[in-house]
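# Examining the three-dimensional arrangement
Single-letter residue listing:
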Amino acid sequence: MQAFHLAQPTALLDALVVANASDTKFIAGGTDLMQLLKENVETPTQLVDLERVGLSKIGADAGGLRIEAMARMSDVAAHPDVRAHWPVIAQALEASASPQVRNMGTIGGNLLQRTRCGYFRDTGFNCNKREPGSGCPAIAGENRMLAILGGSDHCIATHASDLAVALTALDAMLELRRAGGAQREVPITEFYRLPADTPHIETVLQAGELITAVIVPASAAARNSHYLKLRDRASFEFALVSAAVALETASGAVRDIRVAAGGVGTRPWRLPEVEAALRGKQLNDDALREASSRAGEGARPATQNGFKQVLLRRAVLRALQTASA
Amino acid sequence: MVSIGQGIDRVDGRLKVTGRASYAAEFKLPDAVHAVLVQSTICAGTIIGFDIDAAHAMPGVLAIITPDNAPRLPMQGGPQQMVRAPLLQDRAVHYNGQHIALVVARTFEQANAAASQVRVHYRRDEPVTSMDAVLDQAYPPKHFRNGERPPDSRRGDPDGAFDSAAAKVDATYVTPVEHHNPMEPHATIARWDGDRLTVWTATQGVSGAQQTLAALFGIAPAGVHIVCPYIGGGFGCKGNTWPPAALAAMAAKVVGKPVKLVVTRAQMFTSNGYRPRTVQKLRFAADDQGRLVSMRHDGFSQMSLPALGEFSEPVGLATEMLYACPNVAVSHRLVATNASLPTYMRAPGLASGNFALESAMDELAVALNIDPLEFRLRNYTDRDPHQNKPFASKALRECYRQGAEAFGWARRSSEPRSMRDGNVLIGWGMATSTYPTHRMPASAYVRLGADNSALVRVGTQDLGTGTYTVMSQIAADALGVPVDRIRFELGDSAFPHAPVSGGSMTVASVGPAVKAACETARAKLQSDGGDFAEATVDVKPGEEQHRYAMHGFGAQFAEVRVDADMGEIRVSRFVGAFDAGRVMNTKTARSQLIGGIVYGLGMALLEETRVDAETGRIVNANIAEYLVPVNADVPDIQTIIVPNDELVSNPLGAKGIGELPMVGVAAAVANAVYHATGVRVRKVPIRIEDVLA
Amino acid sequence: MSPKVTRRVVLAATAGGLMLREGIGRADDTTPARAPAPPPTLPQQAIDIELRINDTTVALRVDPRTSLLDALREQAGLTGTKKGCDRGACGACTVHIDGRRMLSCLTLAARSQGKAITTIEGLGAGDDLHPVQAAFLHHDGFQCGYCTPGQIMSAAALIKEGHAGSDAEIREWMSGNICRCGAYPNIVAAIRDAAGEG
């Protein structure tokens with residue numbers, strides 16, 4: 001870990017002003033950043049501690065849910081309104097990491113966690129995401145865990161957040177703020193960038209800009225939502241494949257359907273092809289099978305992860321079956 | 001009351017649950033400074049030069065030791081398996097992650113930061129990173145089993161018998177590189193007082209560490225004092241004295257202060273060995289009565305470059321002796337790669353070898369349409385067919401019986417995919433376990449007071465195996481006093497000699513020494529009187545070692561649940577029944593048994609070190625992506641200790657219990673996966689994609 | 001740098017401070033930005049902090065990079081908290097911060113000021129074992145003992161959280177603590193036992 005200055009502002013605006021400097025990182029729960037600092041993957045000269053700025057409220061009303069960015073993963077997962085009206089969020093959070101990490105990790109930090117790609121996290125390897133232009137040995141290397149969707153010739157690193165998959169399915173909005181700029185809201189579906197030839201730029205966040213809150217609309221589909229996570233280990237592991245679904249039916253027909261997947265994409269992956277195949281259709285097992293068979297259209301597997309294509313379809317089907325049961 | 005056999009709480013338990021047990025890195029030396037290793041990022045070549053000025057100028061840095069300025073080590077003598085590299089003695093790079101420099105600074109943070117700023121220039125050579133690509137260049141080991149026997153064996157005519165047999169299996173099984181990953185990283189604090197060296201280090205052998213460091217630094221063993229009262233797991237990777245311990249001592253010499261060196265979790269993957277990858281070719285055949293007529297087991301195991309030493313994974317040992325078969329051939333070959341030196345890992349050879357052996361036995365049973373357990377019973381042997389000797393004892397038949405009964409094996413339907421719970425396929429599999437009973441010479445010191453209190457000292461170790469506790473029990477019984485009158489001390493090279501804590505031999509080796517020393521002191525106190533009596537007694541194994549074949553045995557039964565669509569595999573039930581000889585403490589013994597089974601579950605479904613083929617660099621050198629079992633992976637485990645009061649093997653009748661329970665677990669799970677899914681997976685770990693139909 | 005360690009018992013008087021700060025920094029806050037903090041010209045080499053550990057205040061001079069784990073082990077003399085992976089993947093460093101189980105390896109010491117930190121050394125009452133400690137001892141919920149303090153801290157929190165309802169629940173909620181010796185079944189038994197007592 002390289003030396004840094006630790007700034008500990010007590011108000012958000014102060015934090016934004018202090019962060020408006022080069023080589024600066026915000027630190028929230030620290031559960032990912034601390035790892036990256038220890039591996040010298042991140043080498044900021046200043047850390048801006050968000051611990052003391054508050055920003056940890058969770059509030060829900062008929063219109064939706066607003067989670068401030070510093071809310072802890074475990075608090076959000078345990079929140080009765082979240083569990084009742086947006087169960088996919090609680091399930092995705094409780095399937096994440098470990099109880100200790102969930103007590104520390106924040107919502108904003110979770111959405112900004114970096115990929116688990118082993119090439120990215122070890123400075124002994126080349127990596128375009130870490131050092132633009134140095135090459136991507138993962139594409140021809142150990143890529144079992146990596147993405148089959150959204151990759152480029154420069155990067156196939158998987159986005160690691162379970163929460164982001166759930167929020168992508170629910171069309172969440174992210175509230176962003178920076179010093180000297182107006183607050184803006186960005187749909188989560190537009191927040192993450194594909195790697196293309198700039199895999200080091202992962203989001204639309206500008207320098208010094210911070211996620212301050214997540215806003216999730218309420219809906220009947222969100223109330224009937226579900227998260228399925230598949231992994232080699234029974235717990236405390238990132239997803240091999242995951243699926244988030246939200247489903248509303250009326251008179252046996254699909255009225256509202258949202259499907260997103262994790263573990264397969266370079267960003268949380270919405271599956272409009274599956275949604276389109278179901279919207280308005282009579283809900284039955286054949287329809288679910290037909291729709292889920294479309295999941296992952298355009299996938300480009302690497303040498304070791306072709307099975308994720310099959311697994312994705314099955315995971316989507318199982319999640320849909322669970323939500324429609 | 002007799003203490004041996006009672007399930008008493010660990011005598012060191014209170015220290016462990018309160019955090020007061022001190023591990024190697026936790027001894028307080030006020031003026032200690034910190035060292036951090038720098039490792040190579042290429043796997044073959046030569047270092048042309050270092051840029052260390054920037055790192056050296058960083059705050060707190062005291063020294064940067066490289067092959068260019070490292071003190072030359074005399075390296076005189078030492079144990080046979082002494083690891084001699086990498087100790088910064090030359091500029092050659094043999095594997096990715098090799099120690100190439102050492103940064104010493106006042107604080108850990110400073111040393112760590114400076115270590116990342118050491119720049120290295122290399123000349124690269126063409127590496128070999130995959131053993132599979134160069135299997136044709138395999139060579140026989142030079143020192144198989146420390147040179148005690150040749151690497152190959154043969155009886156009868158296995159090839160001829162194979163050709164004419166009724167049922168055959170001809171298959172290749174693969175096990176991956178696995179890392180021990182004890183929870184405590186390798187850690188050393190080294191301090192020189194003149195030319196006397198004191199080392200607090202995490203080791204499975206204080207005596208070996210003493211011999212090794214003395215030899216490396218060219219000083220008398222008496223000048224080296226090793227202290228290790230607690231060790232946070234070893235599983236084989238703290239058996240040899242690996243370079244970081246010596247590098248800490250080297251750094252302490254260079255800076256003239258005590259140095260603490262804690263190897264990072266990532267560095268552990270190239271610092272202290274690993275279970276080598278194996279490719280095992282098996283050709284088994286049986287007659288139409290289900291009698292084995294031919295067994296051929298050709299094992300290839302991954303090695304470093306020979307310049308770093310030699311280790312071979314003895315995969316064929318059980319194949320030679322476990323079943324009655326007149327025609328058997330076993331061979332062991334090594335394949336050199338640009339990897340670090342492999343080493344012993346819990347049940348070396350047996351864990352990986354029995355995965356192949358017991359998978360092939362299952363395949364043959366399927367081919368014969370005989371129940372897998374029945375097939376093993378038909379090939380039961382009461383005599384070691386390899387050494388042609390009687391077993392000192394063998395209660396395997398009883399292990400099969402009790403294990404099968406507890407598991408409910410008789411209710412198994414033979415067809416694959418025939419047991420189902422909704423979307424979940426259920427499979428039952430079994431395998432045989434065996435592990436040799438080892439014993440080495442050992443000594444013990446006892447000071448028995450007239451008040452019936454006793455101090456017992458042995459230079460042995462407690463890896464969590466319960467040495468403190470069971471030796472206290474053995475001493476208590478030998479002295480005829482309650483256990484709480486015994487103070488047992490270990491982990492100090494100044495104490496009487498004991499072997500490395502490996503090969504499941506601590507009780508069999510150290511126990512008799514403790515027993516004999518206690519009996520001597522007790523007799524002395526009775527005859528001479530006085531306030532106390534002392535005795536130091538050496539004991540060693542005898543003629544029985546030549547007369548008998550000595551092994552522990554077990555029967556492993558696994559139930560798996562496999563999601564029929566998703567392929568997720570979970571072990572839902574496990575029963576292991578074991579003949580481990582006499583058991584000193586039923587509580588710590590059960591812990592060893594469940595621990596070994598859990599280690600085997602990791603091997604079966606999770607553990608695999610993944611290496612980048614281009615650079616030979618490990619991609620998952622951490623404990624988040626190198627998957628070991630977590631609590632949620634582990635089901636109810638039923639362990640059965642089959643009684644066996646045999647006292648021929650050693651005076652305590654202990655066959656060793658640390659490794660036996662791991663053997664056969666991977667095969668039992670693989671066989672259960674076959675039974676659940678109809679898919680025969682001939683490699684571990686078995687993954688979702690292997691069974692995804 | 002030799003650490004300056006002093007200890008004194010502190011009265012529980014600091015709880016209000018954090019509450020006051022709550023709400024000031026909300027996103028809809030219209031407080032004008034104050035004068036920018038001076039740009040950091042140089043990283044700090046050392047900062048003086050006070051940590052409240054096991055109801056005792058400890059003054060330390062730490063590197064800003066120092067993790068709470070290293071501060072405990074290397075400076076505060078509390079080596080019961082273990083370093084297993086130093087990357088949040090094993091749970092050996094679990095402590096309670098303001099009553100919740102957290103990972104001290106992923107926590108900067110300098111960010112831990114003003115919080116109540118409990119380590120394994122502060123879990124029991126004097127010489128009396130905490131019920132979870134006693135249950136681990138009785139059920140042999142460990143072997144080498146290295147992950148044990150983290151397991152016990154995690155287990156004590158788990159019981160308070162109400163996650164000891166079934167063996168399956170205990171297993172899932174203990175999965176942040178790796179035991180390489182494989183004592184899991186005994187750990188589950190110990191927690192079941194301790195939860196029943198409480």
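Residues numbered from 1 in each chain as written. Chains lettered and ligands numbered in written order. Predicted model: local features only at pLDDT ≥ 70, side-chain atom pairs only at ≥ 80, totals over all residues.

### Observations concerning the sheet that holds strand β10 (residues 196-201) of chain B
Residue and element names in this part refer to chain B.
- Ordered in space as β3-β5-β1-β12-β9-β10-β11, the seven strands form an open sheet in which the pairing is mixed. Of all strands in the sheet, those with a lone pairing partner are β3 (61-65) and β11 (224-227), marking the two edges. Within this sheet the neighbouring strands show an average axis-to-axis angle of 20°, counted without direction.
- As paired elements, strand β9 (residues 187-193) and β10 share six bridges and run antiparallel to each other. From the neighbouring strand, Thr-188 faces β10, where its bridge partner is Thr-201.
- Sitting on the sheet, helix α5 (residues 206-217) is in contact with β10 and β11, with an inclination near 145° to β11. (Pairing = 2+ DSSP bridges. Helix = DSSP H or I, 4+ residues; strand = E, 2+ residues; numbered from the N terminus. Axes fitted to C-alpha atoms, helices over the stretch in contact; angles between N-to-C directions. Contact = placed C-beta atoms within 7 Å.)

### Overview of the interface of chain A and chain C
- Contacts between the two partners involve 41 residues from chain A, matched on the other side by 38 residues from chain C.
- Listed by contribution, the elements that provide at least two residues to the side of chain A that touches chain C are β1 (5-7), α1 (12-19), α2 (33-38), β3 (46-49), α6 (99-104), β6 (173-177) and β8 (210-217) of chain A.

### Notes on the pairing of strand β24 (residues 551-563) of chain B
All names here are of chain B.
- Counting buried positions along β24 yields 12 of 13 residues, so the element is predominantly enclosed.
- Examined bridge by bridge, strand β19 (residues 424-436) and β24 share 13 bridges and lie antiparallel to one another. Across the sheet, residue Tyr-435 finds its bridge partner in β24, namely Gly-552.
- Where β24 and strand β25 (residues 569-579) come together, 10 bridges link them in antiparallel fashion. In the sheet register, Ala-555 faces β25, and the bridge partner there is Ala-577. (Buried ≥ 20, exposed ≤ 12 C-beta atoms within 10 Å, placed from the backbone.)

### Examining unusual backbone geometry
Residues and elements named next belong to chain B.
- Each neighbour pair has its own omega, and for Ala-85 with Pro-86 the value is 0°, a cis peptide bond.
- Mapped onto the secondary structure, Pro-86 falls in the loop between β3 and β4 (92-93).
- Here Phe-235, not a glycine, exhibits a phi torsion of approximately 60°, which is positive.
- The topology assignment puts Phe-235 in the loop between β11 and α6 (243-255).
- What makes Phe-235 buried here is the crowd of 28 C-beta atoms within 10 Å.
- Phi angles above zero are rare outside glycine, and Ala-347 is one such case at about 60°.
- Its place among the elements puts Ala-347 in the loop between β15 (328-336) and α9 (350-368).
- For Ala-347, a count of 30 C-beta atoms within 10 Å gives the class buried.

### Let's talk about the interface of chain B and chain C
- Taken together, the 49 residues of chain B in the interface contact 49 residues of chain C.
- Among the elements of the structure, α1 (13-17), α3 (108-115), α15 (586-605) and β26 (636-641) of chain B are those that each provide at least two residues to the side of chain B that touches chain C.
- The element contributing the most residues to the side of chain B that touches chain C is α15 of chain B, with seven residues.
- By residue class, the composition of the side of chain B that touches chain C is 20 nonpolar, 16 polar and 13 charged. (Nonpolar A, V, L, I, M, F, W, Y, C, P; charged D, E, K, R; others polar.)

### Let's talk about the sheet that holds strand β9 (residues 225-230) of chain A
Residues and elements named next belong to chain A.
- In spatial order, the strands read β9-β10-β11-β12; together these four strands make up an open sheet with antiparallel pairing. Each edge of the open sheet is held by one strand with a lone partner, namely β9 and β12 (269-270).
- Both strand β11 (residues 253-262) and β12 contribute to a ladder of two bridges, which runs antiparallel. The residue of β12 that forms the bridge with Ala-261 is Trp-269.
- The strands touched by helix α5 (residues 87-94) are β9 and β10 (241-250); relative to β9, the strand with the most contacts, the crossing angle is about 20°.

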